[in-house]
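Listed below, chain by chain, are the residues.
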There are 2 protein chains.
Amino acid sequence: MKQIADAAGVHRSTVSRALDPKKRHLVADDVVERIVSQAEILGYRPNRIAANLRLGRSDLVGVLLPDIANPVFAPILGGITETLSAAGYAPIVAEAGNAASEQISLVETVLSQRVDGLILATVSQDDELVGFCIRRGVPVILVNRSEARDRVSSVVSDDALGMRLAVDHLAGLGHRRIAHIAGPLSTSTGTLRREGFESAMSRHALPGIVREAAAYSRSAGAEATAHLLATSGDITGIAAANDLLALGVLDALRERGLRCPDDMSVIGHNDMPLMDVVSPPLTTVRIEHREMGRIAARMLVDAIKNGSTDIQHVVLRPELVVRSSADPPRSTS
Amino acid sequence: MKQIADAAGVHRSTVSRALDPKKRHLVADDVVERIVSQAEILGYRPNRIAANLRLGRSDLVGVLLPDIANPVFAPILGGITETLSAAGYAPIVAEAGNAASEQISLVETVLSQRVDGLILATVSQDDELVGFCIRRGVPVILVNRSEARDRVSSVVSDDALGMRLAVDHLAGLGHRRIAHIAGPLSTSTGTLRREGFESAMSRHALPGIVREAAAYSRSAGAEATAHLLATSGDITGIAAANDLLALGVLDALRERGLRCPDDMSVIGHNDMPLMDVVSPPLTTVRIEHREMGRIAARMLVDAIKNGSTDIQHVVLRPELVVRSSADPPRSTS
DNA sequence: AGCGTTACTGCAATCGATTGCAAATTGTCA
DNA sequence: TGACAATTTGCAATCGATTGCAGTAACGCT
């Protein structure tokens, strides 16, 4: 920059102004042109670090995901990066383990990069992480999962509606004995979907059977299903809180020699990639994850730029995707 | 930091030294203690941006992926983030489109964040991106795909071996008419796997039938398969360059009323997540993507820290995973 | 006592931008 | 012609660390 100033015969500050679109009007046109062409010649690249030091920002946003390999989070991350980079920000991704203490130290690390904001996809219902970030004064947006207390903005799917779609579909097919494989109740999705299941069931005046899985994973889903089948034998339909759990249900059924949908109808949640190609193609509740990421990123950028502290909750509308894993119950019933 | 200096009654530079483990020995023990405790009290957080400005670095690494939603890249990214954050670096992820021009401008954006290095998972065989980065003097590591010219380090899978495993398996089952759905030949994986296919076939003294898909996608795989079936009718086995392509093959077979593996054996490549649960469970070639990401990150960190410019190519050993999509051909042959 | 070490600590420059304030130049109007 | 306004440009401080160099004090040794 100094070189440009010398080459153009002006002061560094003039160069700075000439190169900033918002300040360019302060500089005479011919000087601007001289500076710009010199910058071109010298191959000038502004040093964002220096500018950011001065401006007290970093143009960086931290994104915390529970598990990068989980196909649900890939589209979310995609939507986030897309929107963020369009707004001139760059996402720093971090993969959080399970232990809360670990998470805090992970956030410490991310924060040490001086991120301007944070998008969390990891929070549990009552997460100390949120309080931690608030105390640090870092703008935070929750995505996919929300927290019980209303301390920060979030963008999530309408979990209650999603479960209602699933239950209504099963009930509409004629199922009466319907069970729910719940996700970890420490997560908002786990709790909200379970509540959604129960209220939807009671609208049909049906009793709901619920079994909580230890985690959002295939193996946990299989295990929960095994317990379920051992306890309540006459179930004909299962609404899982999550596609991964639904796959676990399928695993458990297969192991017991039961067929889906013939012996048992199964509905998932999320419509992860490839759910149309599993066997049987999974009827599930679709959530627009990519859009979720986009909105979250947009809200965060807004919060950073305008310093707006008002919290708002965006709730996306899920949609039932009917494939082949749910059929009417066998006529024997 | 100035506050700490005042509170402890020393100069800022002393504080800096006391807080840096590598320089702490230059400061008297009691002073260190005073400074550390004051830092604690004042809740001091070092400003990495300032330090990095001075040190001319950013502790940031750019990661370019062709498509975040593609399940193959999620584990790679996972391995990268894991290793990077352990080394004190943070990954900035960017999703590259297809157009090369777009990619360059994307890299410009990433580079404007002053990243210390770059990991590219996007390159084509002869990619101007690589030259661009070299000219800019940014350390680069290629992952998953390599380039034809040997200008930078890379970590990839042994594509030739992978295809040989697939072909040997099919041939071992008794198949004689085997086709290959190749990936885009502009990518190293496309070319190398095709070459691997052909040389493996000739080892068995079999003629190889090859059809190139327009992209690594299900629809492109289905399309290529449709062409293939229309042209050469007596094929009994297909080795796809990629699981996504293999899923496309399955789609095309289904549409024609052909069953897998009864009418046609299919082998994929990559062993993406969920390939065990599709119908039929896919026999495929497993690649340790997460490990690939780890190694790439480690190599990049090494290149950044030691400024080592020597290029090296790490080649990972793939492994055949036998599931249910490949059986002996029907006895009619 | 005198001299050379060693151990600390302070000073001030530096990294590369941004920006409020002041100065210089030119233009405008009465 | 003089006063005042508008337009440009320069000056220098600032963001928050790092570090080479120099200076001081304490210590050891003969």
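Residues numbered from 1 in each chain as written. Chains lettered and ligands numbered in written order. Predicted model: local features only at pLDDT ≥ 70, side-chain atom pairs only at ≥ 80, totals over all residues. Heavy atoms only, no water.

As recorded in an unreviewed UniProt entry, chain A goes by the name LacI family DNA-binding transcriptional regulator, listed as coming from Bradyrhizobium agreste.

Undergrad: Before we move on, could you go through the UniProt feature "domain: HTH lacI-type" (unreviewed entry) in chain A and cite the residues and values that matter?
TA: In the numbering used here, UniProt assigns the feature "domain: HTH lacI-type" (unreviewed entry) to residues 1–55 of chain A. For residues 1–55 of chain A, helix accounts for 67% and strand for 0%, while the C-alpha atoms at its two ends are 18 Å apart. (UniProt positions renumbered as here; feature names shortened; annotations may be inferred. Helix = DSSP H or I, 4+ residues; strand = E, 2+ residues; numbered from the N terminus.)

Undergrad: So, the relation of the copies chain A and chain B: which residues are in play, and what are the values?
TA: Once turned by 180° and shifted 0.0 Å along the axis, chain A lies on chain B with an RMSD of 0.1 Å. One copy is carried onto the other by what is essentially a two-fold rotation axis. Relative to the rotation axis, the closest C-alpha in chain A is found at V278(A), a distance of 1.9 Å. Here 98% of the contact residues of chain A are again contact residues in chain B; the copies associate through an equivalent surface. (Least-squares fit on C-alpha atoms with pLDDT ≥ 70 in both. Contact = heavy atoms within 4.5 Å.)

Undergrad: Could you give an account of the protein's contact with DNA strand D, naming the residues involved and the relevant values?
TA: Of all residues adjacent to DNA strand D, which total 27 residues, the nearest are T14(A), S16(B), K23(B), N47(B) and R54(B). The sugar and phosphate moieties of DNA strand D supply 60% of its atoms located within 4 Å of the protein. S13(A) is positioned such that a nitrogen or oxygen atom in its side chain is 3.3 Å from a base nitrogen of DNA strand D. Contacts to DNA strand D include K23(B), whose side-chain N or O atom sits 2.6 Å from a phosphate oxygen. If you list the elements that add at least two residues to the surface near DNA strand D, you get helix 2 (12–19) and helix 4 (48–55) of chain A together with helix 2 (12–19) and helix 4 (48–55) of chain B. Tallied by class, the residues present in the surface near DNA strand D amount to twelve nonpolar, eight polar and seven charged. (Near = heavy atom within 4 Å. Polar contact = N/O pair within 3.5 Å; in protein donor to acceptor, adjacent residues only side chain to side chain. Nonpolar A, V, L, I, M, F, W, Y, C, P; charged D, E, K, R; others polar.)

Undergrad: Lay out the protein's contact with DNA strand C with the relevant residues and their values.
TA: With respect to spatial proximity, 26 residues lie near DNA strand C, and among them S16(A), K23(A), N47(A), R54(A) and T14(B) are the closest. One nitrogen or oxygen atom from the side chain of S16(A) is found 2.7 Å from a phosphate oxygen belonging to DNA strand C. Taking R17(B), its side chain carries an N or O atom lying 3.0 Å from a base nitrogen of DNA strand C. Breaking the surface near DNA strand C down by element, the ones donating at least two residues are helix 2 and helix 4 of chain A together with helix 2 and helix 4 of chain B. When residues in the surface near DNA strand C are grouped by element, the largest group, four residues, is from helix 4 of chain A. When its residues are assigned to classes, the surface near DNA strand C shows twelve nonpolar, eight polar and six charged.

Undergrad: So, the sheet that holds strand 7 (residues 209–212) of chain A: which residues are in play, and what are the values?
TA: Residues and elements named next belong to chain A. Strand order in the open sheet formed by four strands is 7-6-8-9, with parallel pairing between adjacent strands. Edge positions in the sheet fall to strand 7 and strand 9 (265–267), since each has one partner strand and no second. Direction aside, the axes of adjacent strands within the sheet are offset by 20° on average. Across four bridges, strand 6 (residues 178–182) lies against strand 8 (residues 237–240) in parallel orientation. Counted as the bridge partner of A179 is I238 from strand 8. Sheet strands in contact with helix 9 (residues 188–203) are strand 6 and strand 7, and its direction is about 170° off that of strand 6. Here helix 10 (residues 218–231) sits on the sheet and contacts strand 6, strand 7 and strand 8; the angle it forms with strand 7, its principal contact strand, is near 145°. (Pairing = 2+ DSSP bridges. Axes fitted to C-alpha atoms, helices over the stretch in contact; angles between N-to-C directions.)

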